[in-house]
Amino acid sequence: GLLLGKKYPLTKYVNVIIITAGVALFMAGGSSTKKEGAAVVADNTLIGALMLSISLCFDGATGAYEDKLMSKDHVEPFDLMYNIQLGKAVISFCCLMATNGVNEFIYT
């Protein structure tokens with residue numbers, strides 16, 4: 001919201017901080033016993049936390065952008081959701097084709 005000029009009440013910011021802290025604690029927590037392959041688990045945890053952070057940033061920006069589209073260009077919520085989901089489906093299909101993962105997708 002800050003990047004697009006939208007202001008939110010303080011309670012919204014507090015909620016975001018609490019949720020972010022909870023997710024960070026969950027991601028940082030783990031087994032209390034040492035296991036072989038701990039370095040791989042640590043790498044995967046770091047990658048997961050990075051991907052989660054990026055996803056949350058895009059999610060926040062998307063919400064503010066959707067509000068702007070609906071108010072300025074009078075886009076209906078259903079049309080907006082439909083087009084977003086259609087775009088996600090096209091991107092997912094292209095990624096499956098590019099990584100040759102169609103067979104794995106079908107058989108899982």
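Just so you know, the residues in each chain are numbered from 1, in the order the chain's sequence is written. Reporting in this predicted model follows two pLDDT cut-offs: at least 70 for local features of residues, and 80 or more for side-chain atom pairs to be given and counted; totals over whole chains, interfaces and linings ignore these cut-offs and use all residues. As a rule here, side-chain values come from all non-hydrogen atoms in the structure, and water together with hydrogens is ignored.

Caption draft 1: Up close: the overall build of the protein. Secondary structure is summarised from DSSP: a helix means a run of H or I of at least four residues, a strand means a run of E of at least two, and numbering begins at the N terminus for each. Looking only at helices and strands, one finds 4 helices and 0 strands in the protein. For every residue, the accessible area (1.4 Å probe, protein chains only) is compared with the maximum for its type, and the residue is labelled buried under 20%, exposed over 50%, or partly exposed between those bounds. Counting the 108 residues in the protein, one finds 4% classified as buried. By element, 69% of the accessible surface of the protein is carried by carbon and sulfur atoms, the whole surface being about 9400 Å². Exposure was quantified through the Shrake-Rupley algorithm and a 1.4 Å probe, taking into account, for residues, occlusion by the shown protein chains and nothing else.

Caption draft 2: Layout of helix α3 (residues 77–98). Between its first and last C-alpha, α3 extends 31 Å over 22 residues, near the 32 Å set by a 1.5 Å rise per residue. One or two steps after α3, the chain reaches Asn100, where phi turns positive at roughly 55°. Any helix carries an expected span of 1.5 Å times its number of residues minus one.

Caption draft 3: Spotlight on unusual backbone geometry. The residue His74 is not glycine, and still its phi comes out positive at about 55°. Among the secondary structure elements, His74 is positioned in the loop between α2 (38–72) and α3. His74 gets classed as exposed once you look at its relative accessible area, which sits at 63%. Even without glycine at this site, Asn100 takes up a positive phi of about 55°. Of note, Asn100 is situated in the loop between α3 and α4 (102–106). Classification of Asn100 by relative accessible area gives exposed; the value is 68%.

Caption draft 4: Geometry of a nonpolar patch on the surface. Two distance rules govern patches: like charges are joined within 9 Å, and nonpolar side chains (Val, Leu, Ile, Met, Phe, Trp, Tyr) within 5 Å, applied only to residues with over 30% relative accessible area and no salt bridge. For this document, the term salt bridge refers to a Lys or Arg side-chain nitrogen within 4 Å of an Asp or Glu carboxyl oxygen. Taken together, the side chains of Phe78, Met81, Tyr82, Leu86 and Val90 define a hydrophobic patch exposed on the protein surface, amounting to about 550 Å² of accessible area. Mapped onto the secondary structure, Met81 falls in helix α3. For Met81, a relative accessible area of 53% translates into the label exposed.

Caption draft 5: Examining the packing of aromatic side chains more closely. Between 30 and 60 degrees the pair is tilted, below 30 it is stacked and above 60 it is edge-to-face, where a pair is any two Phe, Tyr or Trp rings, Trp via its six-membered ring, whose centres lie within 6.5 Å. According to the stated counting rule, one finds 1 aromatic pair in the structure shown. Consider the rings of Phe78 and Tyr82, whose centres lie 6.5 Å apart with planes at 20°: the pair is stacked. In this pair, Phe78 and Tyr82 are both assigned in helix α3, 4 residues apart and thus about one turn of the helix distant. Of the residues examined, Tyr82 reaches a relative accessible area of 49% and is grouped as partly exposed.

Caption draft 6: Representation of the confidence of the model for the protein in the model. The predictor attaches a confidence to each residue, and that confidence, scored 0 to 100, is pLDDT. A residue-level look at the protein finds 81% of positions with pLDDT of 70 or above and a mean pLDDT of 80. α3 holds the highest mean pLDDT among the elements of the protein, 90, whereas α2 holds the lowest, 78.

Caption draft 7: Spotlight on the state of the cysteines. Cysteine sulfur atoms are paired as a disulfide whenever they fall within 2.5 Å. Using the criterion set out here, one finds 0 disulfides in the structure. Cysteine Cys94 is unpaired, with the sulfur of Cys95 as its nearest cysteine sulfur at 7.1 Å. Cys94 gets classed as partly exposed once you look at its relative accessible area, which sits at 45%. For Cys95, a relative accessible area of 45% corresponds to the partly exposed category.

Caption draft 8: Spotlight on the environment of Val75. Along the chain, Val75 falls in the loop between α2 and α3. Whether two residues are in contact is decided by their heavy atoms, any of which lying within 4.5 Å being enough. Look past the residues within four positions of Val75 in its chain and what remains in contact with it is Leu69, Met70 and Leu80.

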